[in-house]
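What follows is the residue order along each chain.
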Amino acid sequence: MNKTELKLDFNERADSQPAWLQSFQLQTQALWRYPDRSALENRMANDLGLAEGAVLLTNGGDESIELLYKNCKLNAESLLVPEPCFSQYTHNQVVWQNDTIFTAATADLSIDVGALKANLRAKQWLILTRPNNPTGEYLPVAVLEELIEMAAAKGAWVFLDEAYVEFANAAETIDYTAYPNLITLRTFSKAFGLAGARIGYIFGQAELVAKFRQLAMPFNVSNVNLQLATAAWQARGEISPYCQRIADNRAVVAQLLSDQGLAPYPSRGNFLLFETSAEKKVLWARVMAKYGIQIKTELAGLPAAVRLTIPADISKFSQVMQLILQPQLLAFDMDGVLIDTAMSYDQCIKRTVQQLTGQNISQTDVEAVRARGGFNNDWVLSAELIANQGVAVSFEQVVETFQKLYNGDAETAGLVEQEKQLLSNSLQQQVFDPDSPYCTAVVTGRPRAEAEHGVEKLQIKPDFIISADDVSQQKPDPEGLLAVIEASSQQFGQGLRAWFCGDTVDDMQAGRQAGCVCIGIGATTPEAVDNLYQAGADIVLDNINQLEALL
């Protein structure tokens, strides 16, 4: 895998350093002193229109959440948490073992407001996150205010997590000073781009914030990080243009997903969430990683979900997305992919070895040599197996024996008659139909005559057939694939998006070198699957007809 160039799995400001940070200079003369956060807290409170003591700086937003759970444990206060939720809430529940009610999401993963109202009670903290992580849902002001007021009437509090609020670009907001039962969490980690500095803050009425302040460590934010936070706060005007750019890019990415029927959840954060199949999740993760992009495919409680952080520059990201979502060229190896050759070519290999050495070999012996790579040509593979028996036979004799077994003669039917089509009618129509949007190719190690015979047997008309007779170097050399890609580029232009389906290590190595999405086919053991992945497969399918679901 390539080195990660875009880290889009933790919703950080992945590819755009704040402008002010480029000229930031650390003042080292006071580093010997213990830090004092009060100056920045008071300044922020004043800027936010809050009273002195209404802001508390914490070691990232995570410490703020931990202080909430600590407070609840010490004061016998319960929690009400709608799902899906940020993992720190479930993590702290495991640690603190509080009296907590988790309410399930609705069918569309939105917060079940009705369930929250039904479960709300006195001496309880209702946790609301907007935009919600991981879905990006943004509670309307009217709903938010109703829940805060209902909590107040019941003698409960609201912990409002707004870690991503800057990306919502909301024109309508609430009066944070109007609610004595409200604590709001924000952070310097996301829009400010300081996730590595670990600076978060909570604010609310000073009396309520004081409950958290007395539980925090006195020197929880370092002097260095206070300097960073101070500079970031002074330059907070830079955030709006950046957040607008992320919002614009979010719309572009959402459209790309929607065009392919993936229906991302409406998001006001710097990320998008969508659900897909297990196979597509593997494809997304591995293809992105191959191009140096890291995405989130493991989310607790959401086994079908993929979450994408939106970068400031989406050029490369969108190109890789299109490679996954909208292939233009579909290329296929023939044997073991489109045609079952277990009773033809594989039998020819074993019988050729038996006739020329007197020794019987197993299918396991054949697969072991094939897995080493460099034996895409079955004549070469047969010669290697013969040499392994310690018998010297000319290559010409190997070819002659093999071909006689395969083609047969006037008296004996050839093993070619035992071949079976693997391609389903529905996939054949989807891919090879004249109205299909794909350019198609068969890139095989068969000689030209046998390749054409195989295409006739399959009743398909690919745009290109590349046989062993058409290249100077066979797979794992990418020559044949590169020739098809170059020819197809005349129709689609440069940057052709190509997928290649094959069943051997040689196929995957050729596809990887040619810049294709590599689809491994038909591996029957964990070792064989791993071999294909090690050789460059982006996904390994049981059979070629599972490709239909990926398309």
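Remember, it's a predicted structure, so these values are computed and weren't measured experimentally.

1. Focus on the sheet that holds strand E3 (residues 78-82)
Pairing in this open sheet of seven strands is mixed, and the strands run E2-E8-E7-E6-E5-E3-E4 from one edge to the other. The open sheet has two edge strands with one neighbour each: strand E2 (55-58) and strand E4 (100-103). Each adjacent strand pair in this sheet contributes to an overall mean axis angle of 20°, direction not counted. The sheet contact formed by E2 and strand E8 (residues 200-204) spans four bridges and is antiparallel. Bridge assignment links Thr58 to a residue of E8, and that residue is Gly200. Along the sheet, helix H5 (residues 141-153) makes contact with strand E5 (124-129), strand E6 (157-161) and strand E7 (182-187), crossing E6 at roughly 150°.

2. Some remarks on the pairing of E4
Here E3 pairs with E4 via four bridges, running parallel. Across the sheet, the residue bridging to Pro82 is Thr103, located in E4. Taken together, E3, helix H3 (residues 87-96) and E4 form a β-α-β motif whose crossover is right-handed.

3. Quick notes on the pattern of salt bridges
Within the structure shown, the criterion is met by 24 salt bridges. The closest approach of N and O atoms between Glu41 and Arg37, which form a salt bridge, is 2.9 Å. With relative accessibility at 12%, the residue Arg37 sits in the buried group. With a shortest N-O distance of 3.1 Å, Lys211 and Glu77 are connected by a salt bridge. Taken together, the positions of Lys211 in helix H6 (residues 206-213) and Glu77 in the loop between helix H2 (60-75) and E3 put the pair 134 residues apart, joining distant regions of the chain. Using a relative accessible area of 6% as the deciding quantity, one classes Glu77 as buried. Ionic contacts of the salt-bridge type, sharing partners, join the residues Asp346, Glu367, Arg370 and Asp378 into one network.

4. Describing the nonpolar core
Here is a general trend for soluble globular proteins: nonpolar side chains tend to be buried in one another's company. Among the nonpolar cores identified, the biggest contains 105 residues, and Phe188, Leu257, Trp284, Phe332, Leu338 and Ile519 are the most heavily contacted of them. With eight residues, the single largest contributor to this core is helix H8 (residues 239-259). Discounting residues that sit within four places of it in the chain, Trp284 has contacts with Leu257, Leu262, Phe274, Ile295, Leu308, Met321, Ile324 and Leu325. Core analysis: the next-biggest nonpolar cluster, separate from the first, contains 22 residues, Leu67, Tyr69, Leu215 and Ala216 among them.

5. Concerning the packing of helix H9 (residues 278-290) against helix H10 (residues 315-325)
Axis separation between H9 and H10 bottoms out at 10 Å; the angle between their running directions is 140°. By the criterion of interaxial angle, the relationship of H9 to H10 is oblique. Relative to H10, H9 is oriented so that their crossing is right-handed. From H9, Leu283, Trp284, Val287 and Met288 reach across to H10, where they touch Phe317, Val320, Met321, Leu323, Ile324 and Leu325. Residues that form the contact of H9 with H10 fall into these classes: 10 nonpolar, no polar and no charged.

6. Side note on the packing of helix H11 (residues 345-357) against helix H14 (residues 395-407)
At a minimum axis distance of 9 Å, the contact between H11 and H14 shows a crossing angle of 130°. The pairing of H11 with H14 is recorded here as oblique in orientation. Crossing hand, H11 versus H14: right-handed. For the pair H11 and H14, contact is made by Tyr345, Cys348, Ile349, Arg351, Thr352, Gln355 and Leu356 and by Gln397, Val398, Thr401, Phe402, Leu405 and Tyr406, respectively. Within the contact of H11 with H14, the residues separate by chemical class into eight nonpolar, four polar and one charged.

7. A short note on the packing of aromatic side chains
Here the structure, examined in full by the defined rule, presents 18 aromatic pairs. Relative to Trp157, the ring of Trp125 has its centre 5.2 Å away and its plane inclined at 20°; by these criteria the two rings are stacked. Separated by 32 residues along the polypeptide, Trp125 in strand E5 and Trp157 in strand E6 bring together distant segments of the chain. Look at Trp157 and you get buried, because its relative accessible area is 17%.

8. Comments concerning the environment of Lys461
Its location among the elements puts Lys461 in the loop between helix H16 (448-458) and strand E16 (464-466). Look at Lys461 and you get exposed, because its relative accessible area is 77%. Lys461 sits 20 residues away from Ala441 along the chain, and the two C-alpha atoms are 8.9 Å apart.

9. Examining unusual backbone geometry
At the junction of Glu83 and Pro84, the peptide bond is cis and its omega measures out at -5° in the coordinates. A cis amide bond, omega -10°, links Arg130 with the succeeding residue Pro131. Of note, Pro131 is situated in the loop between E5 and H5. Located in the positive-phi region is Ala76, a residue other than glycine, with phi close to 55°. Phi angles above zero are rare outside glycine, and Leu109 is one such case at about 70°.

10. A word on the side chain of Thr187
With respect to the element layout, Thr187 can be found in strand E7. Note on Thr187: relative accessible area 4%, which makes it buried. In terms of polar contacts, Thr187 uses its side chain to reach the backbone carbonyl oxygen of Ile199, at 3.4 Å. Ignoring anything within four residues of it in the chain, the contact list for Thr187 reads Gly61, Ala163, Glu166, Phe192, Ile199, Gly200 and Tyr201.

11. Examining the sheet that holds strand E18 (residues 517-521)
Reading across from one edge, E16-E15-E12-E17-E18-E19 is the order of the six strands in this open sheet, with parallel pairing throughout. Of all the strands in the sheet, the pair left with one neighbour each is E16 and strand E19 (539-541). Along the sheet, successive strands turn relative to each other by an average axial angle of 20°, direction set aside. As paired strands, strand E12 (residues 329-332) and strand E17 (residues 498-502) are joined by four bridges and run parallel to one another. Residue pairing for E17: Phe332 is matched across the bridge by Cys501. Docked against the sheet, H9 engages E17, E18 and E19, running at close to 135° with respect to E18. Lying on the sheet, helix H17 (residues 479-492) is in contact with E12, strand E15 (439-443), E16 and E17; it crosses E15 at an angle near 165°.

Criteria and thresholds
Residues numbered from 1 in each chain as written. Predicted model: local features only at pLDDT ≥ 70, side-chain atom pairs only at ≥ 80, totals over all residues. Heavy atoms only, no water. Pairing = 2+ DSSP bridges. Helix = DSSP H or I, 4+ residues; strand = E, 2+ residues; numbered from the N terminus. Axes fitted to C-alpha atoms, helices over the stretch in contact; angles between N-to-C directions. Contact = heavy atoms within 4.5 Å. Right-handed = clockwise from strand over helix to strand, strands pointing away. Salt bridge = Lys/Arg side-chain N within 4 Å of Asp/Glu carboxyl O. Buried < 20%, exposed > 50% of the residue type's maximum accessible area, 1.4 Å probe, protein only. Core = buried A, V, L, I, M, F, W, Y, C linked by side-chain atoms within 4.5 Å. Parallel < 35°, antiparallel > 145°, perpendicular 65-115°, else oblique. Left-handed = near helix turned anticlockwise from the far one by under 90°. Nonpolar A, V, L, I, M, F, W, Y, C, P; charged D, E, K, R; others polar. Phe/Tyr/Trp six-rings, centres within 6.5 Å; stacked < 30°, edge-to-face > 60°. Polar contact = N/O pair within 3.5 Å; in protein donor to acceptor, adjacent residues only side chain to side chain.

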